[in-house]
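So you can see what is in the structure, the chains are spelled out below.
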Amino acid sequence: MKSGVGAPTRARIPDKTLRTDRWWLPPLLTNLGLAAFVVYATIRSFWGSAYWVPEHGYLTPFYSPCLSESCLPGSSHFGTPLPELPGWIPLGFLALPFLLGFRLTCYYYRKAYYRSVWQSPTACAVAEPHDRYTGETRFPLIIQNAHRYFFYVAFLISIINTYDAILALTHGLGLGGIILLVNVTLLWAYTLSCHSCRHIAGGRLKHFSKHPVRYRLWTLISKLNVRHMQLAWTTLATLVITDLYVMLVASGVISDLRIIS
Amino acid sequence: MTEVERHPYDVVVIGAGGAGLRAVIEARERGLRVAVVCKSLFGKAHTVMAEGGCAASMGNANANDNWQVHFRDTMRGGKFLNNWRMAELHAKEAPDRVWELETYGALFDRTPDGRISQRNFGGHTYPRLAHVGDRTGLELIRTMQQKIVSLQQEDHAEFGDYEHRIKVFAECTVTELIKDGDRIAGAFGYWRESGRFVLFEAPAVVLATGGIGKSFKVTSNSWEYTGDGHALALRAGATLINMEFVQFHPTGMVWPPSVKGILVTEGVRGDGGVLKNSDGKRFMFEYIPDVFKGQYADAPEEADRWYTDQENNRRTPDLLPRDEVARAINSEVKAGRGSPHGGVFLDIASRLPAEEIKRRLPSMYHQFKELADVDITAEPMEVGPTCHYVMGGIEVDPDTAAASVPGLFAAGECSGGMHGSNRLGGNSLSDLLVFGRRAGLGAADYVQSLSDRPSVAQSDVDAAAQSALAPFNPTDTAENPYTLHNELQQAMNDLVGIIRKAEEIEQAIDKLQALRVRINEVTVEGHRQFNPGWHLALDLRNMLLVSECVARAALLRTESRGGHTRDDFPQMDSQWRNTLLVCSASGDGLVPEVRVEPKEQEPMRQDLLELFELPELEKYYTDAELAAHPGRTS
Amino acid sequence: MAYTAKFKVWRGDAESGGLHDFDVEVNEGEVVLDIIHRLQATQAPDLAVRWNCKAGKCGSCSAEINGRPRLLCMTRMSTFTEDEVVTVTPMRTFPVIRDLVTDVSFNYTKAREIPSFTPPKDLQPGEYRMQQVDVERSQEFRKCIECFLCQNTCHVVRDHEENKEAFAGPRYLMRIAELEMHPLDTADRVRPAQDEHGLGFCNITKCCTEVCPEHIKITDNALIPMKERVADRKYDPIVWLGNKLFRR
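The model shown is predicted, which means the values in this text are computed figures rather than measured ones.

Student: Give a description of the interface of chain C and chain A that names residues and reports values.
Tutor: The accessible area lost on association of the parts is a frequent measure of interface size. With 62 residues of chain C at the interface, the matching set in chain A holds 56 residues. Across the interface of chain C and chain A, roughly 5000 Å² is buried in total on both sides, 49% from carbon and sulfur atoms. Three residues stand out in chain C for area buried against chain A, namely Arg92, Arg137 and Glu228 of chain C, and they jointly supply 15% of the buried area on that side. In this structure, the connection of chain C to chain A is made through 8 salt bridges. The partner of lysine 227 of chain C in a salt bridge is glutamate 136 of chain A, with the nearest N and O atoms 2.7 Å apart. At the boundary of chain C and chain A, one finds 46 residue pairs in polar contact (both at pLDDT 80 or more). Every element with two or more residues in the side of chain C that touches chain A is listed here: β4 (68-71), β5 (85-89), α3 (132-142), α5 (155-158), α6 (170-181), α8 (207-211), α9 (218-235) and α10 (237-247) of chain C. If you tally residues by element for the side of chain C that touches chain A, the top one is α9 of chain C, at 10 residues. Per-class residue counts for the side of chain C that touches chain A are 23 nonpolar, 17 polar and 22 charged.

Printed below as a string of structure tokens:
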């Protein structure tokens, strides 16, 4: 506290914050939420089975696209250009790093983990525990500027996920198909509500009036963008629910609720 | 000998509101070194409170608009008591001043073809107010503040010093103007932060200190509005005119008590809001005065059509000039048809969809939501009159803004004449720009024409310092400045308020006399560093002096006109139209003696007079004055 | 309706100071600034506080109430329970002058460092044509009342005095965004935003947006779009490659 609110010229107040509300609660919940997802996602990514329900065409997004010889028959919607993989490489290894990168560099998640994990700051007007701070001015955090590239890839992966969901529908309609569909819809909403997407679509323009279509696009994305945080959390939940459902059906614990078979 | 910081400048501008900043820009563009002194931080001046817009006949919304129409509206609004030359310059130059702001970076709301959008306002024939939602004043002040920064950047590039030609002395109060012989030599003041004294040695001083609202209990004005410029000018030997004309804005908040007086923009009515009494009746149709008969709709149906079709319908009387609306509300409340907290209802909720209200009046929505917990999209507002603006002020030359003391200039609310007996909404922002610029020019020309510079005598500095420190001297009764201020506000509000009568004004004058004695006994605790009690003690002298001008002028004017309503003389009197009441001060002491004398105004130039139809002029002028009008001669 | 509230108000100057306890009357509909004024009029006549319009339009009365950066005039007493202790301190990022008044000159210094509006040379006054959709983005930022609460709450300078030199703060990074989005401005401030005004320090934790009394979406609408523009210019290899290939 010698530097920040304890600096010699400032009002002499020993407390690191005088906030009386439960300012520590949101970062705590964020930490718990993120940790739960990371644990679940890690286990499932390395699990290596129960990701494909051949009779209904359900493929969990954690394993899409599945492109190696190790993939279960039928789960490789785009062929198997890759050879068999050793067991310690997740079958979704092509998409997962990009999806992880997309979320890690996402402007919302950055806020969330800078506050909760890194405590920089934990909450507004609460002194942070670090002596020095350089933000995103230098390596490694300067890499956050690559968010748009992760967005491009995430966009492609969303197309693949959409294909997966539609393919499932060609096997008839079941609860799993609806879950896949809802999940992919929300994934689209999250992906398109991205700040980089908003910038690319129209935000970078100086004159909206000269680009009416892009302005319209920007306006729509701006409306979604306001909900970027909610979508970020909802899609974490739907990803887990989708994967869990596919896992349970694939491993025979439950059977899919069929509506039209 | 008093310890003071000395700062030599060419021009010192006192007040950093719209007029002051515009004067700074102009004087600096002429190459002069300018100091701008303000009581608040830079960019906080009361101009930010202006909401509705800035009147300028650009003709963007209605091509029929031009300076002549604007001139006519202004004279009508002021009941023909205006200084016609000021009104003429104002109407002619306002569009240029607004366009100039765009080159400084201002972003007004736009018309579909990309020009500056203009909105309707009380007393203006056509949509005329350039605006940015309902925060036009903020846009003006920020734009000029940023222009000053950009000029400072130019100076930095040229001389390596941002403050080479313009320096802002923020949170600094001027308490005395200092003269060398009969001309201005400088200004003496103190830093609010440290209490240290500061002397500006400058041959020209521009006063742009705004109004006097803090002399009244219910006011939309901030603490800064203590009539400093008015009082400084009086004490320096200049004169004030029209001080009896104080505008009570018809729509101020009335509840809760802590925000009583805060303004509700006229834009609410311009955008469709209507006034209703407790019976739910739109009462304004019954208060159209004779002079405006024929120009306003006499039934709600026509008034409602006017919002969409202004060519074929007459405007709603909700948009009558402010003095008329304020009096009407006052009458309704007195007749027992007021709202629960002593105002009337202003209803926009039933007139526009909620989204539209939020879009057009964002800061009003915000203000009521956060200050009164009222959702204006769902329920009507409660409003009542609040002291808003003083039409009176320092008597100046219209073209140069020069006061009668050489080297002294004034612009904006603290100058007088432009608005006559009543100001139209939207005309103050344009007034700031037009006469702020002219004051800057006038001061620059004056300084450049000087053959020798005046000098400040040490004895004057010592005297000014002594007077400023007087509240720290122990006295027998140790009067509290807050108590005195309260009593002054109460007296002015109750006795020299919207409706006046002789005996009440006399009571007020007695009260002011008593305060005059007690003010010598004011003492403050603590030391000079950021001491609000001391600051108030000094401001109080100005408020007292100015209040006395208002009261004495109000007593003399035995008619009702614009912002001066006499219960005992309810009619407008043509014999009074051409008479200005001029205040001057004499004698020493903390608050000098006030004298008020009548003075005849120069007759309007013939070509301007001919812009009006004879029947209209006959409502205001005496027959003798109209003898030369072509309508009579032909 | 009136009750007696318990207040703790920080009093002191650059050398020393502390929280002082007051019991003070509160009436219906009042805001914290009313209570501070009542303290001045009745118990502490030399209590220093900066204020002006008392309607949330001038941004003078910035302070911290129960540790949260707020405008004194826009914090209604009804947001507290009657037995709650209300703590009022000066803003903790700027040097204190006395009591609730701080030295905010940092902000004026930073304001001067941002290159001003640069109008097109070929347009005369009165010839400016702009579409409403094109001015709206900048208009949002021009709602700013310069209360400096965002500057105060931003941890980059609040918690790190040494960053004040290199960081303009949310208010002035937003000013850059405002000018960049101004339809007629001709200057380019994108690289300087990162290299000179410290946009990279911002880790978009949104405290500036949280405290803004004008509800300006500083982070989403100004800072992130500026970061994206900087990425366009500095960190996008495709743009970089394009420049390499086609400009030489």
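More follows now that the structure is in view.
Student: How would you summarise the sheet that holds strand β5 (residues 118-119) of chain B if you had to cite specific residues and measurements?
Tutor: Remark on secondary structure: sheet strands pair via backbone hydrogen bonds, oriented parallel or antiparallel. Residues and elements named next belong to chain B. Spatially, 3 strands are ordered β4-β6-β5 in an open sheet, and the strand pairing comes out antiparallel. Of all the strands in the sheet, just β4 (54-55) and β5 have a single pairing partner and so form its edges. Both β4 and strand β6 (residues 129-130) contribute to a ladder of 2 bridges, which runs antiparallel. Within the sheet, the bridge partner assigned to cysteine 54 lies in β6 and is alanine 130.

Student: I'd like a rundown of the pattern of salt bridges, residues and numbers included.
Tutor: Tallying each qualifying case throughout the model produces 103 salt bridges over all chains. Put simply, aspartate 228 of chain B and lysine 39 of chain B hold a salt bridge, and the shortest N to O gap is 2.9 Å. Pair noted here: aspartate 228 of chain B is in helix α5 (residues 228-235) and lysine 39 of chain B is in the loop between β3 (34-38) and β4, with a separation of 189 residues, a long-range link. With relative accessibility at 5%, the residue aspartate 228 of chain B sits in the buried group. We note a salt bridge from glutamate 64 of chain C to arginine 158 of chain C, for which the minimum N-O separation is 2.8 Å. Linking glutamate 64 of chain C in strand β3 (residues 62-65) with arginine 158 of chain C in helix α5, this pair joins segments that are 94 residues apart in sequence. Judged by its relative accessible area of 1%, glutamate 64 of chain C falls in the buried class.

Student: Which residues make up the interface of chain B and chain C, and what are the values?
Tutor: Taken together, the contact between chain B and chain C spans 65 residues of the former and 61 residues of the latter. Both sides of the chain B and chain C interface together cover about 5300 Å² of buried area, and 52% of this is carbon and sulfur. Its largest share of buried area at the contact with chain C, chain B owes to Lys44, Leu107 and Phe530 of chain B, together 13% of the area lost on that side. Inspection of the region where chain B meets chain C yields 6 salt bridges. The closest approach of N and O atoms between arginine 142 of chain B and glutamate 146 of chain C, which form a salt bridge, is 3.8 Å. At the boundary of chain B and chain C, one finds 39 residue pairs in polar contact (both at pLDDT 80 or more).

Student: Requested: an account of the UniProt feature "domain: FAD-dependent oxidoreductase 2 FAD-binding" (unreviewed entry) in chain B, with residues and values cited.
Tutor: The positions UniProt marks with the feature "domain: FAD-dependent oxidoreductase 2 FAD-binding" (unreviewed entry) are residues 10-429 of chain B. Across residues 10-429 of chain B one finds 29% helix and 20% strand; the C-alpha atoms that close the span lie 26 Å apart.

Student: So, the pairing of strand β23 (residues 593-600) of chain B: which residues are in play, and what are the values?
Tutor: Here is the key point about a regular strand: its side chains alternate between the two faces of the sheet. All names here are of chain B. The pairing of strand β22 (residues 579-586) with β23 spans 8 bridges and is classified as antiparallel. Looking at β23, one finds that cysteine 583 is bridged to valine 596. What sits between the antiparallel neighbours β22 and β23 is a turn of 6 residues, in which glycine 587 has the positive phi angle 90°.

Rules and cut-offs
Residues numbered from 1 in each chain as written. Chains lettered and ligands numbered in written order. Predicted model: local features only at pLDDT ≥ 70, side-chain atom pairs only at ≥ 80, totals over all residues. Heavy atoms only, no water. Contact = heavy atoms within 4.5 Å. Buried area = accessible area lost by both parts, 1.4 Å probe. Salt bridge = Lys/Arg side-chain N within 4 Å of Asp/Glu carboxyl O. Polar contact = N/O pair within 3.5 Å; in protein donor to acceptor, adjacent residues only side chain to side chain. Helix = DSSP H or I, 4+ residues; strand = E, 2+ residues; numbered from the N terminus. Nonpolar A, V, L, I, M, F, W, Y, C, P; charged D, E, K, R; others polar. Pairing = 2+ DSSP bridges. Buried < 20%, exposed > 50% of the residue type's maximum accessible area, 1.4 Å probe, protein only. UniProt positions renumbered as here; feature names shortened; annotations may be inferred.

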